[in-house]
Amino acid sequence: MTSHPQRPGGRNSRPGPETGLCPPDVDLNRVWLGVAAEVWHRQPGPVERLAGWALRSPGLARALVATPSLLLGWILASVAVLAAGMFVTLGTGTPSVALLAPAVAAAGVAYAYGPGIDPAWELSQSMAVSDRMVLLARVLAVFALNAALGLAASAASGTAAAVTFGWLIPMTAVSALALAAAVITRSASAGAAAGLAAWAITVLSVHSASGQLTAAVASPALDLPYLAVAAACGTVVWFATRVPKGVS
């Protein structure tokens, strides 16, 4: 590899913060190979091997296990939030888990994939697997995990079955909204903020109209609007992640 003395220090051919132009004695191509070796060239663990077998793609499995919101710290944080909601439900009778689960899932989905928060983002751009496939696999995995955690917390807190399963449709809508905002703005933080804000506004407005705090997750009349929002946001994500014509 040859060095590039005039190549900017930041990504996307922009000068990096406080770096200016790349020093003449730095070979960015060699550095990049070192990053690739660090992220990709390691023995797969049992979870990655299972994902590779299920997905029939070792590269997609590697991208999946590197999902930021599927890492141990993030999972423990989600468990802690839902556990707190479970104890609040047991103590007060308010189904807090049903109200917290959509928000937790929305934040996780928003942080599932994207520049700035994904350590393997640039490397994933060189994969034969499309961005859309990586995004779909990660979002489904994050959503499924959060749904399972929410169901477990609801069951442990003794929440009524109608409310226990009633928040799955709102979770789908809020997660789709967060994902669409994250994809359009190319910012996971913006996506998470949009999802959390939309859910908070929905819960408060429905509570103000009905007088019931759980109406946002227990009213069948809201199922159709939630599904419409989820479908619309899913369409936005589909078009935003399409490959332009002429690009291979």
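See the structure shown above.
Parameters and conventions
- Residues numbered from 1 in each chain as written.
- Predicted model: local features only at pLDDT ≥ 70, side-chain atom pairs only at ≥ 80, totals over all residues.
- Heavy atoms only, no water.
- Helix = DSSP H or I, 4+ residues; strand = E, 2+ residues; numbered from the N terminus.
- Buried < 20%, exposed > 50% of the residue type's maximum accessible area, 1.4 Å probe, protein only.
- Contact = heavy atoms within 4.5 Å.
- Areas by Shrake-Rupley, 256 points an atom, 1.4 Å probe, with all protein chains shown as cover.
- Expected span 1.5 Å × (residues − 1).
- Axes fitted to C-alpha atoms, helices over the stretch in contact; angles between N-to-C directions.
- Left-handed = near helix turned anticlockwise from the far one by under 90°.
- Nonpolar A, V, L, I, M, F, W, Y, C, P; charged D, E, K, R; others polar.
- Patch = residues over 30% accessible without salt bridge, like charges linked within 9 Å, V, L, I, M, F, W, Y side chains within 5 Å.
- Salt bridge = Lys/Arg side-chain N within 4 Å of Asp/Glu carboxyl O.
- Core = buried A, V, L, I, M, F, W, Y, C linked by side-chain atoms within 4.5 Å.
- Polar contact = N/O pair within 3.5 Å; in protein donor to acceptor, adjacent residues only side chain to side chain.
- Phe/Tyr/Trp six-rings, centres within 6.5 Å; stacked < 30°, edge-to-face > 60°.

Caption draft 1: The arrangement of the overall build of the protein chain in detail. Scanning the protein chain from N- to C-terminus turns up twelve helices and zero strands. With 248 residues in all, the protein chain has 38% of them scored as buried. Here the contacts in the protein chain between residues at least 6 apart in sequence split such that 62% fall between residues at least 24 apart. Here the protein chain has roughly 13,500 Å² of accessible surface; of this, 69% comes from carbon and sulfur atoms.

Caption draft 2: Representation of unusual backbone geometry in the model. Despite not being glycine, R186 has its phi angle at roughly 55°, a positive value. The residue R186 is located in the loop between α9 (168-185) and α10 (188-210) in this model. On the basis of relative accessible area, R186 is assigned to the exposed category, the value being 52%.

Caption draft 3: Looking closely at helix α5 (residues 96-110). Between its first and last C-alpha atoms α5 spans 22 Å; for 15 residues at 1.5 Å apiece the expected length is 21 Å, and the two agree. Among the 15 residues in α5, 14 count as buried, and that is most of the element.

Caption draft 4: Just the environment of L99, in detail. Looking at where L99 falls in the secondary structure, it is placed in helix α5. For L99, a relative accessible area of 15% translates into the label buried. Look past the residues within four positions of L99 in its chain and what remains in contact with it is W199, V203, L213 and V217.

Caption draft 5: Seen up close, the packing of α9 against α10. At their nearest, the axes of α9 and α10 sit 7 Å apart, and the two run at 145° to each other. Crossing handedness for the pair α9 and α10: right-handed. In this structure, α9 uses P170, V174, L177, A178, A181, A182 and T185 to contact α10, whose residues at the interface are A188, A190, G191, A194, G195, A198 and W199. Tallied by class, residues from the contact of α9 with α10 come to eleven nonpolar, three polar and no charged.

Caption draft 6: Representation of a nonpolar patch on the surface within the structure. On the surface, a nonpolar cluster with roughly 280 Å² of combined accessible area is contributed by M133, L136 and L140. Within the secondary structure, M133 is located in helix α7 (residues 131-156). You can call M133 partly exposed: its relative accessible area is 39%.

Caption draft 7: Quick peek at the nonpolar core. L135, L179 and W199 are the most contacted members of the largest nonpolar core, which has 46 residues in total. Mapped by element, the contributors of at least two residues to this core are α3 (58-65), α4 (72-92), α5, α7, α9, α10, α11 (215-218) and α12 (223-240). Ranked by residue count, the leading element in this core is α5, at ten residues. Excluding residues within four positions of it along the chain, L179 makes contact with V109, L135, V139 and V237.

Caption draft 8: Geometry of the side chain of T67. Residue placement: T67 occurs in the loop between α3 and α4. Engagement of the side chain of T67 in a polar contact is seen with the side chain of R138, the distance being 3.0 Å. In this structure, T67 is in contact with A112, R138 and V142, ignoring residues within four places of it in sequence.

Caption draft 9: Geometry of the packing of aromatic side chains. Enumeration over the complete set of coordinates arrives at two aromatic pairs. With centroids separated by 5.3 Å and ring planes inclined at 45°, the aromatic side chains of W74 and Y111 adopt a geometry described as tilted. With W74 in helix α4 and Y111 in the loop between α5 and α6 (121-124), this residue pair connects regions lying 37 residues apart in the sequence.

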